[in-house]
Structure formats: structure tokens, C-alpha cells
Amino acid sequence: GTLPMYVDPLPKIPVVLGYYDFGGVVLPKHLIIGMYQKKWKFHRDLPETTVFVYGTSESSASFPGPVIETIQGVSTYVTWLNYLPDTHILPWDPSILVAETRMGGVPTVAHLHGGIHEAYFDGNPYAWFTQHFRELGPNWSRLTYLYSNDQHPGNLWYHDHALGLTRQNLLAGLLGPYVIRNPAVEDPLMLPSGPEFDRHLVIADRSFYSNGSIYMNATGNNPDVHPQWQPEYFGDAITVNGKAWPYLVVYRSKYRFRILNASNARYLHLQFSNGMDFTVIGSDASYLAAPIITSTIILSPAEIFDVVVDFTTTVITEIELTNDAPYPYPGGTPASLPISKVMKFVVLPGMQIDPSVVPTSLMSYPPAREQDATVTRYISLYEFMHPVTGTPVDILINGKRLEDPVTETPKTGSTEIWHIINLTGDNHPFHSHLAMFQAIQVQQLVKGQTLLTCLQEFNDVAACNVGAHVTGTVVNVPEHERTWKNVVKIEAGTMTTIIMKFNMIVDDAPYPFDATAHPGFVYHCHILDHEDNEMIRPLHLVNQ
Ligand code: C2O
């Protein structure tokens, strides 16, 4: 049966401080975070669900994992420990490139998404390990990861990144928010603050069996090639902070919501049922230069929007947060009940004293300028279809796989132009580790099918004369997506030009593994099912 909506209150995600504060003296801290199998209650009427989750202890481990709060410039050390059992709670596919163990166990490796840190600490897909480090992947490098938190304040998140198992491990619950703060520059902004008015909304779709367990397909679309893998996982329940369709009682006040789409493949097109606006103040790990007011936002998987919502003037006191993004996005099934609803806000009567403001300007960063770029690259995204079923078998970047030799080797401190050519029918959330980037132009391709055929055959942008196909309409990048991002939505049938900045890390450590075969960083599509098979490529930073 269907679960009634709005019966569970929105949980507050537990907070773990990644620093010590000795009366104003802030010092680095070493956290021990475990991955545990435990039971989680996703809904009042649903039996308990077995999940894999992060926590500083088994009893405090949660779905999503705790918010790790850090301070700009103060390092946080994390030792990630795997206490997971011998077998996975979800089906997986041995026919794709996957971490395979000889002794059983669940391979995991944590990655700080949006973090700027050395390759050792990046959570490379090959750096996986199983329970109690019983088995290590070929790129396993460090027991403890150092996150220096030197980048500007913003919203990051951490999640699993194990080779060929990322979709299962996140579906099981291995994800959580991570914040870098700088009170000296952020407090004067006077944005809504404190645990009541500054909140995380981690949205993720899941399907459940009636016994409570998480449903994931055990059979693929093309079982003759991939017995289990399918191109996108879509759940029929929407969870926020680990509850299906929760409600939140709010004061007549302004609230800050840090909204993360932690779904594997589902896009979210959010709006309020009363037509109320979002005031967007940031996206991914950056602020906007100035707040942008909009009535809808589109979040791809892994994308973050930081918004202020003002409940002071609404006449309607029960407000739904709704979603009408088709799936796959944008050409798939239109969203209908129940996934067209996300959560509900119940506004309390009576005015509240609200000292917060939305300032007219927020943060300014160096601009994204084409003239700073020293290298131009073409990155094409395309799907290889099964001759009989006509559904994707592999989804690749430049026709290459993760294990193929590295081709993207930017210099430390450099800026590059990447033209991302999307020859598929779907939008893809392009994500790169280490880099921060901005889309500066989106232009439609014409004669896309000829280009696709040519690239699939020759994999050569010059021979296929890509430039001749980029003649369509120029599409606008929404105002509220114009900042230094780490996920950019690449529209179907377009070439999106992005400025990639690699200027914030010194990566001179010798690699403990074969640097030419499997360098530490990666870039990939953040639809996890695409990433796992194998829309992911290595990224190797070289010194100037
Ligand atoms: Cu959020 Cu490589 O991932």
C-alpha cells in the first residue's frame, strides 16, 4: 500500500564538529567515523529498514550521516572505518568494473565531494577497503584522510566512491553533509542562523519492499551483457533527512535551507505549493555574488542549493514542497504522485522576532574568464546501445573507461576550457574532483546523430568536425547557477563550455600507485548508475 504523507517530523541531522574550540581558540580535530549496518525507520508505517550508515558510533550512526561542521583554515582529520558485514544488502553486478573481494565484505571508500585536498585523501574508486581493512584496493593509500578546509566557506558532502559499487553504497545510506564555515566573514551577513533556522534538507528517492528493506533491481535491462546493472535507479518514495515525506513546523520567520539532492539518478524540480519564492544564496560549495529570487530550482543528483525561505507573509499555513521533474530528465516519465511531493511546512501562528536579513551582496570570488585558460579540451558524453533492446549497455566519456590511460592532465594552478558535448538524450550532472568550475556558454548541437555516429566510430573531435555542429540556439545558464560549482547540469544535445579552475591545491606528493594508470582524482557523471558503468575518467594533476 502507499504510505501516508506528512506523518513524520523532519529529523535534525546529528552534528559532529571537525575542530576543537577552546574558548575561541580553534584547533584541528581527528574524527573516527565508522560505517555500520543498522536498522533505520524511514516512515511511521514502514517496518525498519536495514541500512549502511556513517556515524561516530553505531548507536549515533544515521541516514544521512552526521553533518561534519568545519572551520575554514582548520584541518579536520578523519579515519574512516568499515564495520560492514560480509555481504551487501543490495544486489550488484560482477560484469562491470567493480571492486571484487576474495574474502567477502563490502568494499567502501569515503570521498569528500567538493573538497580540495591531495589525491591521497580523495577516496579514489580503487582506494577501497573492506571491514577492518581485511582487504585493500590497489590504490589504497592512507588510514587517515586530511581535509585542510582551506577553501572558501560552503556546502560539501561526503559519500562512498567504491569502484563499481557507488550506486549500491549510497543507496544503502553512505552519505552525509559537510560544511566549511568562516564565522568572521559569514556572521556579518546576518543570514538565518542557529540549529532552528539554518537547516539541511538531504533529499533522496528510495523504493521499499513492504517488509521495509530497500528495493533495488536484481536484473538488468540487458542481462546478456550486464545481469544486474540498469541505467538509472528511480525510487517511488521521496525521503528528506531519512524520513519519507516528512513535515516541518516553522515559525513565521526566515529559514536557511541547505538543500542537497542525494538521489542516485533523480532530478528534482522544486517549488512551493503556494508559489512562494526561494532566495538562492549559494550553490555547491560557493556563495552567489548576490541573492537571486526564483520560484523554482532544478537540482541534479549531487547538486546543492543554499536558499533562504521567508515564511513571514504567507497566508496559507500548510505549504508543500513539490517536484515535477520527469525521470530520466528531461524527456522521461512526468513526475506524478507520490514522487511529485517532497515534504510539508506547517506555519505556526503569531509573529516571530527575526533578526536575520538577506544582504544585497554575499561573497565575491575571482571571475571565470576565458582568457585565463591555457588549455582547451573536448569531452564527449555518449551511450552505447544494445542492438536488440535499444537501451544503454555502457555510458562513456570520449568512448573511454576509467581503466584506460589518463588523458586529462591539467597543471597545478591552471585554468582550462572544457567543452562538454552531450550526445545523449538525457541531462548529465558533470562533476569533477578538485576543480571548481562555471558554465559560461550552452549551445545546442545540430545534426547531433551524425556527430554521435562519427564520434563513436573515430572518437576524434577534429575529424568529426565538432565545431560545425555547434550552431544551434544559445541557452541561458540560470542566474542562480552562476558561481564556482562542482556539479554542472549538461543539457541533452548541447555543447556546454565550462571554465575549470585547478588553482587551489599543491599536488606534489609522489603517488603510492601507478600514476599514469590510475591517478588520484576522477571526473564523472554524478548519476551513480552512469558513473559505475563507466561514465568516469581519471584526472591527474601535474606540477607546473
Ligand atoms: Cu560526489 Cu566523485 O563524487
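Please read all numbers here as calculations on a predicted model, not as lab measurements.

Calculation rules
Residues numbered from 1 in each chain as written. Predicted model: local features only at pLDDT ≥ 70, side-chain atom pairs only at ≥ 80, totals over all residues. Heavy atoms only, no water. Patch = residues over 30% accessible without salt bridge, like charges linked within 9 Å, V, L, I, M, F, W, Y side chains within 5 Å. Areas by Shrake-Rupley, 256 points an atom, 1.4 Å probe, with all protein chains shown as cover. Salt bridge = Lys/Arg side-chain N within 4 Å of Asp/Glu carboxyl O. Helix = DSSP H or I, 4+ residues; strand = E, 2+ residues; numbered from the N terminus. Phe/Tyr/Trp six-rings, centres within 6.5 Å; stacked < 30°, edge-to-face > 60°. Buried < 20%, exposed > 50% of the residue type's maximum accessible area, 1.4 Å probe, protein only. Lys NZ or Arg CZ within 6 Å of the ring centre and 35° of its normal. Disulfide = S-S within 2.5 Å. Domains from an automatic or database assignment. Contact = heavy atoms within 4.5 Å. Buried area = accessible area lost by both parts, 1.4 Å probe. Polar contact = N/O pair within 3.5 Å; in protein donor to acceptor, adjacent residues only side chain to side chain.

1. Regarding a nonpolar patch on the surface
On the surface, Tyr-20, Phe-22, Val-25 and Leu-27 cluster together to form a nonpolar patch covering roughly 370 Å² of accessible area. Elements represented by at least two residues in the nonpolar patch include exactly strand E2 (19-22) and strand E3 (25-40).

2. Structural notes on the packing of aromatic side chains
On inspection of all chains with the given rule, the structure shows 31 aromatic pairs. Here Trp-418 and Phe-430 contribute two aromatic rings whose centre-to-centre distance is 6.1 Å and whose plane-to-plane angle is 65 degrees, an arrangement assigned as edge-to-face. Of the two residues, Trp-418 sits in strand E26 (residues 415-422) while Phe-430 sits in strand E27 (residues 428-432), which places them 12 residues apart along the sequence. What makes Phe-430 buried here is its relative accessible area of 3%. These aromatic residues form a ring-pair network of at least three members: Phe-197, Tyr-251, Tyr-255, Phe-257, Phe-272, Phe-278, Phe-311 and Phe-345. Lying over the aromatic face of Tyr-20, Lys-29 brings its terminal NZ or CZ to 5.0 Å of the ring centre. Lying across the ring of Tyr-120, Arg-142 places its NZ or CZ 3.6 Å from the centre.

3. Describing the state of the cysteines
Two cysteines form a disulfide when their sulfur atoms are joined by a covalent bond. A full pass over the atoms with the stated rule returns one disulfide. A disulfide bridge connects Cys-454 with Cys-464, and the sulfur atoms are separated by 2.1 Å. Because the sign of the S-S torsion sets the handedness, a value of about -85 degrees for the bond joining Cys-454 and Cys-464 places this disulfide among the left-handed ones. Of this pair, Cys-454 sits in helix H4 (residues 448-458) while Cys-464 sits in the loop between H4 and strand E29 (474-475), placing them 10 residues apart in sequence. The same class applies to Cys-454 as to Cys-464, namely buried.

4. What to know about the domain arrangement of the protein
In terms of domain boundaries, the protein breaks down into domain 1 (15-182), domain 2 (189-351) and domain 3 (370-539). The distance between the C-alpha centroids of domain 1 and domain 3 comes to 26 Å. Taken residue by residue, the interface counts 31 residues in domain 1 and 31 residues in domain 3. Taken over both partners, the interface formed by domain 1 and domain 3 buries close to 2400 Å², and the fraction arising from carbon and sulfur atoms is 64%. Across the contact surface, domain 1 and domain 3 share one salt bridge. The residue Arg-167 makes a salt bridge to Asp-532 at a minimum N-O spacing of 2.8 Å. Counting every contact that joins domain 1 to domain 3 gives 11 residue pairs in polar contact (both at pLDDT 80 or more). Of the residues forming the side of domain 1 that touches domain 3, the biggest block, four residues, is contributed by helix H1 (residues 166-171).

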